[in-house]
Amino acid sequence: MNAPVTDTMPIQSSDDIVRVRQEVRRRAAAAGLGIVDQTKFVTAASEIARNTLDYGGGGIVRLEAVQDGARKGLRLIFEDHGPGIASIDLALTDGYTTGGGLGLGLSGSRRLCNEFAIESKPGEGTRVTIARWK
Amino acid sequence: MERIPILKMGRALLITIQVDMHDQMAIALEEDLTTRIAQTGAKGVLIDISSLEIVDSFIGRMLDNIAAVSRVLDAETVVVGMRPAVAITLVELGLTLQGVKTALNVERGFELISRRLAEIETVVVEIGAEDERSGD
Ligand SMILES: Nc1ncnc2c1ncn2[C@@H]1O[C@H](COP(=O)(O)OP(=O)(O)O)[C@@H](O)[C@H]1O
Ligand SMILES: [Mg+2]
């Protein structure tokens, strides 16, 4: 496994979410993901980035190109220092929202990615990791 | 702020979303559209999303809202030109776009709305004919 190439982007505004989407698209294409996989991964990234902004009060995303033998992919780590998620199980339920959304961001993103993990501590913040492999 | 243009096409309104929309644009579009439907008495709204590379739940909710408001104002919403990769992703995301009709392209979407208009007019003519019969 090669050392991952990491970069960080801020998520502090709606414009930042647009920039994250564009960068994820570019890197997913560079990793060799097909158009459907790119679309799934960019959609998931958009959902999680919006949560980072809306619920986490802003944060960052780290982008890692990952390679495991012939397998290439892209991993994104979203971090904020917001209020955290009290019940991850509940937050992962289709339709569950505390912000008047559709409640599909987390549960839907989990379906759209090959790797999905949430770490969160109430009062400390939230980290969501997603990855998609070719 | 950049706004999305709304064109009048006969008795329908056509919106072509060409940019990666951010939140303020989406909110402005909902407001502008509501005003235009009320002003023009449009019976259909076509939303061309063929340029959109993704539809996330934020945009999905906007499309749902537009359809719901249009319905209250007696106009039907048809989303046209959704890319196949976007359609596949929406299903997996779990977004059903209830109350939103879809069509392959603008022409097909316009046909759907024209058909609805023809139905409305037929009913109006029939009611008119009945009025005449009962009016003697
Ligand atoms: N980064 C975060 N910080 C705190 N709470 C979060 C975060 N991300 C998600 N949540 C919580 O999880 C819920 C579900 O999120 P999501 O599935 O994206 O639905 P929605 O955004 O429509 O509410 C949110 O309503 C919120 O309560
Ligand atoms: Mg969300």
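In this text, all values refer to a predicted model and were calculated from it rather than measured experimentally. (Residues numbered from 1 in each chain as written. Chains lettered and ligands numbered in written order. Predicted model: local features only at pLDDT ≥ 70, side-chain atom pairs only at ≥ 80, totals over all residues. Heavy atoms only, no water.)

Chemist: How would you explain the overall build of chain B if you had to name every residue and give the values?
Modeler: Of the regular secondary structure elements, chain B holds four helices and five strands. When the elements of chain B are put in sequence order from the N terminus, they spell out β-β-α-β-α-β-α-β-α. A buried classification covers 42% of the 136 residues belonging to chain B. Considering only intrachain contacts with a sequence separation of at least 6, the fraction spanning at least 24 residues in chain B is 74%. Mean positive and mean negative side-chain charge positions of chain B (13 and 22 charges, respectively) differ by 2 Å. (Helix = DSSP H or I, 4+ residues; strand = E, 2+ residues; numbered from the N terminus. Buried < 20%, exposed > 50% of the residue type's maximum accessible area, 1.4 Å probe, protein only. Contact = heavy atoms within 4.5 Å. Lys, Arg positive; Asp, Glu negative; His and termini not counted. Charge placed at Lys NZ, Arg CZ, Asp CG, Glu CD.)

Chemist: How would you explain the packing of aromatic side chains if you had to name every residue and give the values?
Modeler: In this structure the tally under the stated criterion is zero aromatic pairs over all chains. The cationic tip of Arg-50 of chain A hangs over the ring face of Phe-58 of chain B; the distance from NZ or CZ to the ring centre is 4.1 Å. Cation over ring: Arg-71 of chain A sits above Trp-133 of chain A, and NZ or CZ is 4.6 Å from the ring centre. (Phe/Tyr/Trp six-rings, centres within 6.5 Å; stacked < 30°, edge-to-face > 60°. Lys NZ or Arg CZ within 6 Å of the ring centre and 35° of its normal.)

Chemist: Describe the site of ligand 1, naming the residues involved and giving the relevant values.
Modeler: All names here are of chain A. Not every one of the 18 residues close to ligand 1 is listed here, only the nearest: Asn-51, Tyr-55, Thr-97, Thr-98 and Gly-103. Contact distances for ligand 1 include 2.9 Å between a nitrogen atom and a side-chain N or O atom of Asp-80. Here Gly-105 contributes a backbone N or O atom positioned 3.1 Å from an oxygen atom of ligand 1. Among the residues making up the shell around ligand 1, the classes are represented as seven nonpolar, ten polar and one charged. (Near = heavy atom within 4 Å. Polar contact = N/O pair within 3.5 Å; in protein donor to acceptor, adjacent residues only side chain to side chain. Nonpolar A, V, L, I, M, F, W, Y, C, P; charged D, E, K, R; others polar.)

Chemist: Before we move on, can you summarise the sheet that holds strand β3 (residues 71-80) of chain A with the specific residues and values?
Modeler: Residues and elements named next belong to chain A. Pairing is antiparallel in the open sheet, where five strands are placed in the order β1-β2-β3-β5-β4. Here the strands that pair on one side only, and so sit at the sheet edges, are β1 (5-11) and β4 (115-121). Geometrically, the sheet is characterised by an average inter-axis angle of 15 degrees between neighbouring strands, direction not taken into account. The pairing of β3 with strand β5 (residues 125-133) spans eight bridges and is classified as antiparallel. By the bridge assignment, Ile-77 is partnered in β5 with Thr-129. The strands touched by helix α2 (residues 35-54) within the sheet are β1, β2 (59-68), β3, β4 and β5, with β3 carrying the most contacts at an inclination of about 10 degrees. (Pairing = 2+ DSSP bridges. Axes fitted to C-alpha atoms, helices over the stretch in contact; angles between N-to-C directions.)

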